[in-house]
Amino acid sequence: MDRIARECQYAMEHATNYRTWHSAAEELDRREGLDEWKQDETSDLYDWRLIRSRLRQLRQYRADKDIKRLVHHLRQGLHWNLGNIGNPALYGFARVGTKALIHEYVAEVVAVLDEMCDTDARTFPTADKLKFFHEVALSYGRSALMLSGGATLGLFHVGVVKALFREDLVPQVVSGSSAGSVVAATMGTRSPEEMHGLLETENAYYNFWRVLPPRQMWQRGSVMDQTQLRKAIARNVRDLTFEEAYKLSGVIVNITVSPAGSNQPPRLLNYLTFPYLYLREAALASCAVPLLFPPVMLMTKDENEERVPFLPLLKWNDGSLKSDLPIMRMRRLHNVNHFIVSQTNPHVIPFMTQKGEGEGGVLHSARRFAFSTGRNVAKNVIDLAKGVLPHGGAHRQLDVASSILAQEYRGNVTIFPQRSLWRFARVATNPNIRDVERFILEGERATWARVSMVRNQLRIGQTLDRCVERLERLHLPAERRALPGKPGLRIVRSR
């Protein structure tokens, strides 16, 4: 490695903003000859012939201003991951970007959609235009950002959000479990303008932990002081219901909670399923790790605008125990088909790798096989024990263990911190300001390497959202506009 390459590597490792990191990464790619790989359309990792053909057609129809053909071409041919262009392996060669053909295709689709949205009504009637954009948006689907549990390691999520926010790449649908629920709820109770300041280190409160004296541990049945946790959540999350939060921020917040008993399934809380529940108690419940914190009663707003308990006989705890990443529920409720995951669970990170299935050669595949086999065997043994033991405390603990082993902890894009003793030593401690800055910066740096992939995945969906919003605002009265989040309709973000 020559001197300039070493300087670029150093700049990437010590960058404090995306522009610096991006410039160094691009120069390093160029010096290693990866620009030639990007310009070469061919690869077995995606259907380059299909993408090249469709790009040529789009350019021709656009040059001819042939709206009829563009409508027909896009209506049944614009789908997420067309030709496998979302394959993560395509982004594993270069540090910045991937095949130029993919970038050109995405850019052309975005340009065509914007032009069609602005086309004169005499050429593309308004009713037909609205129908086209609604249907294509529904068919294309949307992305979601999912923030896992992780206790203090969840500060890494703040860096992920910060990096995506500054590149205008935060999806409108966000889910959070345990530590991730606090970050998601904080986002959901702030306007877009307020988010700029909130992402600065000094503008949030990070003291979530206080160990109880031994006598109070025995009395309360928990190790940590829930009053301190409640105070920290209140300092970051405004006291709003899910419905009120959505109207303020335009962010669809989803928080997972698990039942403290055995006769309730995990719940995904959001403005569609539980519009009148308060986010503060939802985040508190999702953070209530058994033994560390007692279970929590959720609170709701009744028909008289009063704060009252929700289902007073039921209490809830840590959402990551049974549903760290509620992928299936998010698919059904929000038409999500692309998941960006920030994963910080301490029991998951040791087994995470950037290599996907089929990558990394024989040794990596053997490790994945051994881990998968071991996890399946452990789950089967636990399930066998559950069938023998009577219902009670031991049965509930085994049920939790089985759920942890059964979950999928990755998404289409998975961002996670490096493994180190420094992180695990701080998993349940209040960080000082230097630790906070380090966690957040690590989240940013880990995200910068994924920005090109995320941007290619989100640009078309964001353009469709923007076009639907613009058309409805111009041509439909407020009462007839598409209701956000309803099945079959697209979300319209108000700014």
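Residues numbered from 1 in each chain as written. Predicted model: local features only at pLDDT ≥ 70, side-chain atom pairs only at ≥ 80, totals over all residues. Heavy atoms only, no water.

**Student:** Which parts of the structure should I look at to understand the overall build of the protein chain?
**Tutor:** In terms of regular secondary structure, the protein chain is built from 21 helices and 9 strands. Burial statistics for the protein chain: of 495 residues in total, 51% are counted as buried. Restricting to contacts in the protein chain with at least 6 residues of sequence separation, those with at least 24 account for 75%. Of the roughly 23600 Å² of accessible surface on the protein chain, a fraction of 53% belongs to carbon and sulfur atoms. (Helix = DSSP H or I, 4+ residues; strand = E, 2+ residues; numbered from the N terminus. Buried < 20%, exposed > 50% of the residue type's maximum accessible area, 1.4 Å probe, protein only. Contact = heavy atoms within 4.5 Å. Areas by Shrake-Rupley, 256 points an atom, 1.4 Å probe, with all protein chains shown as cover.)

**Student:** Explain the nonpolar core to me, please; I cannot follow it from the model alone.
**Tutor:** Side chains of nonpolar character tend, in soluble globular proteins, to be buried together. Counting 129 residues, the largest nonpolar core has L78, Y105, L113, M116, F133, F242 and I460 as the members making the most contacts within it. Looking at which element gives the most residues to this core, the answer is helix α6 (residues 100-118), with 10 residues. Setting aside anything within four residues of it in sequence, one finds I460 in contact with L78, V106, V109, V110, L113 and Y140. (Core = buried A, V, L, I, M, F, W, Y, C linked by side-chain atoms within 4.5 Å.)

**Student:** What exactly am I supposed to notice about the packing of aromatic side chains here?
**Tutor:** Within a pair of aromatic rings, the relevant descriptors are the distance that separates the centres and the angle that separates the planes. Scanning the model with the defined rule gives 9 aromatic pairs in all. When the ring of Y18 is compared with that of W448, the centres are 6.4 Å apart and the planes differ by 50 degrees; the resulting orientation is tilted. Of this pair, Y18 sits in helix α2 (residues 18-31) while W448 sits in helix α20 (residues 433-448), placing them 430 residues apart in sequence. As far as the burial class goes, Y18 and W448 line up, both buried. (Phe/Tyr/Trp six-rings, centres within 6.5 Å; stacked < 30°, edge-to-face > 60°.)

**Student:** Hey, could you run me through the packing of helix α4 (residues 48-63) against α6 in this one?
**Tutor:** Two measures define how a pair of helices packs: the angle their axes make with one another and the distance between the axes. The interhelical angle for the contact between α4 and α6, taken along N-to-C directions, is 35 degrees, at an axis separation of 10 Å. As α4 packs across α6, the resulting crossing turns out to be left-handed. Along the contact surface, α4 presents W48, I51, R52, R54, L55, L58, R59 and R62, while α6 presents L101, E104, Y105, E108, V109, A111, V112 and E115. Looking at the contact of α4 with α6, its residues break down into 9 nonpolar, no polar and 7 charged. (Axes fitted to C-alpha atoms, helices over the stretch in contact; angles between N-to-C directions. Left-handed = near helix turned anticlockwise from the far one by under 90°. Nonpolar A, V, L, I, M, F, W, Y, C, P; charged D, E, K, R; others polar.)

**Student:** Would you explain the pairing of strand β2 (residues 173-176) in this entry?
**Tutor:** Within a regular strand, the side chains alternate between the two sheet faces. Burial of β2 is two-sided: the residues V173 and S175 facing one way and the residues V174 and G176 facing the other way are all buried. Note: strand β1 (residues 142-147) against β2, 4 bridges, orientation parallel. Bridging from a neighbouring strand, M146 pairs with S175 of β2. The parallel pair β1 and β2, bridged by helix α8 (residues 155-166), forms a crossover whose chirality is right-handed. In this sheet, strand β3 (residues 252-259) lies alongside β2 in parallel orientation, the contact comprising 4 bridges. Pairing of S175 across the sheet is with N254, part of β3. (Pairing = 2+ DSSP bridges. Right-handed = clockwise from strand over helix to strand, strands pointing away.)

**Student:** Please explain helix α21 (residues 451-475) as it appears in this structure.
**Tutor:** An α-helical segment advances 3.6 residues per turn. Residues three or four places apart therefore align on the same side. If you check α21, its first and last C-alpha atoms are 35 Å apart, about what 25 residues at 1.5 Å a residue would give, namely 36 Å. Judged by how many residues are buried, α21 sits mostly within the fold: 18 of 25 residues are covered. (Expected span 1.5 Å × (residues − 1).)

**Student:** Before we go on, may I ask you to explain helix α9 (residues 179-188) in this structure?
**Tutor:** Counting buried residues along α9, 10 of its 10 residues qualify, which places the element largely inside the surrounding structure. Among the residues of α9, A179, G180, S181, V182, V183, A184, A185, T186, M187 and G188 are the ones counted as buried.

**Student:** So what exactly am I meant to see when it comes to the pattern of salt bridges here?
**Tutor:** A side chain of one charge can pair with a side chain of the opposite charge if their charged atoms are brought near each other. The final tally for this structure, using the stated rule, is 34 salt bridges. The residue E32 makes a salt bridge to R95 at a minimum N-O spacing of 3.0 Å. You can see E32 sitting in the loop between α2 and α3 (34-39) and its partner R95 sitting in the loop between α5 (67-75) and α6, a full 63 residues away along the chain. Across the salt bridge formed by R62 and E108, the nearest N and O atoms sit 3.1 Å from each other. Residue R62 is located in helix α4, and its partner E108 is located in helix α6; the two are separated by 46 residues in the primary sequence. Three or more residues joined by partner-sharing salt bridges are found here, namely D29, E32, D35, K38 and R95. (Salt bridge = Lys/Arg side-chain N within 4 Å of Asp/Glu carboxyl O.)

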